[in-house]
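Now for the letters of each chain:
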Amino acid sequence: MTMNRRNFIQQGTAAISALAAGGCACGTMRQASAPPLNWYDTPGVEPQSLSVSEKRVTIDLDLSPVLSEAGSAVNVIDAERDVQIIVVRPSEHEFCALRRYCTHGAQVLCYNPSRKVLQCNGYNHSIFSLSGDVVKGPAPKPLQRYPVALNGSKLEIEL
């Protein structure tokens, strides 16, 4: 949709109506508005470090400089197998893997290393702990979490 004055006013009126009814206007202007602000950009995992099967994602940490330091995170995406995961390394020997979409409006989540939380990248409304629990809504439910094991330099994520 092209954003012109008329469309902007129509979308704004719909958003105000949703708020007045006690709802949330997050999705009201999504299609017509500018791309969402990325509070914390999470890079994709390096393709040479990734192996994806039906039941497991394996990341070779020796081939993934992005995950080499504590406080880092990567997105793992395999559309063919519907793999949409954010992998976080909050400390030297700790990794976690969670579904990378907010349970409120299905917006992409990003890792905030200073707060050690996942934040909704679309409107920054919902915040999740690294265990997947909702810290701040409006997200109605926790994130799906995946079991993670470190075998040598290989990070294995069970799907």
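Residues numbered from 1 in each chain as written. Predicted model: local features only at pLDDT ≥ 70, side-chain atom pairs only at ≥ 80, totals over all residues. Heavy atoms only, no water.

Enquirer: Please give an account of the nonpolar core that cites residues and values.
Expert: V57, I59, V76, I85, V87 and I157 are the most contacted members of the largest nonpolar core, which has 16 residues in total. Only strand 2 (56–60), strand 3 (72–78), strand 4 (83–91), strand 5 (94–99) and strand 12 (154–158) provide two or more residues apiece to this core. With three residues, strand 4 is the single largest residue contributor to this core. Beyond its immediate chain neighbours, meaning those up to four positions away, I85 contacts V57, V74, N75, V76, A97, L98, R100, Y146, I157 and L159. Formed by 14 residues, the second largest nonpolar core is a distinct cluster that contains V88, Y111, C120 and L143. (Core = buried A, V, L, I, M, F, W, Y, C linked by side-chain atoms within 4.5 Å. Buried < 20%, exposed > 50% of the residue type's maximum accessible area, 1.4 Å probe, protein only. Helix = DSSP H or I, 4+ residues; strand = E, 2+ residues; numbered from the N terminus. Contact = heavy atoms within 4.5 Å.)

Enquirer: Go over the pairing of strand 2 with me, naming the residues and quoting the values.
Expert: For strand 2, the buried fraction is high: four of the five residues fall into the buried class. Counted between consecutive antiparallel strands, the loop separating strand 1 (residues 50–52) from strand 2 contains three residues. Judged from the five bridges that link them, strand 2 and strand 12 form a sheet pairing that is antiparallel. Across the sheet, residue V57 finds its bridge partner in strand 12, namely I157. (Pairing = 2+ DSSP bridges.)

Enquirer: Please give an account of the environment of Q119 that cites residues and values.
Expert: Position of Q119 relative to the elements: it lies in strand 7 (residues 117–120). Using a relative accessible area of 5% as the deciding quantity, one classes Q119 as buried. Counting along the chain gives 12 residues from Q119 to Q107, while the straight-line C-alpha distance between them is 9.7 Å. Within the structure, the side chain of Q119 is placed 2.4 Å from the side chain of N112, a separation counted as a polar contact. (Polar contact = N/O pair within 3.5 Å; in protein donor to acceptor, adjacent residues only side chain to side chain.)

Enquirer: Account for unusual backbone geometry, with residues named and values stated.
Expert: Excluding glycine, residues mostly carry a negative phi; peptide bonds, for their part, are mostly trans. Of note in this structure, D82 is not a glycine but carries a positive phi near 55°. Here D82 shows up in the loop between strand 3 and strand 4. If you check the backbone angles, A106 has positive phi at about 60° while not being a glycine. Inspection of the secondary structure assignment puts A106 in the loop between strand 5 and strand 6 (109–112).

Enquirer: Can you lay out the pattern of salt bridges for me, pointing to particular residues and giving the numbers?
Expert: According to the stated counting rule, one finds five salt bridges in the structure shown. Residue D60 pairs with K154 through a salt bridge whose shortest N-O separation is 3.1 Å. With D60 in strand 2 and K154 in strand 12, this residue pair connects regions lying 94 residues apart in the sequence. In this structure D60 comes out as buried when scored by relative accessible area, which is 14%. (Salt bridge = Lys/Arg side-chain N within 4 Å of Asp/Glu carboxyl O.)

None of this, on its own, says anything about what the molecule does.
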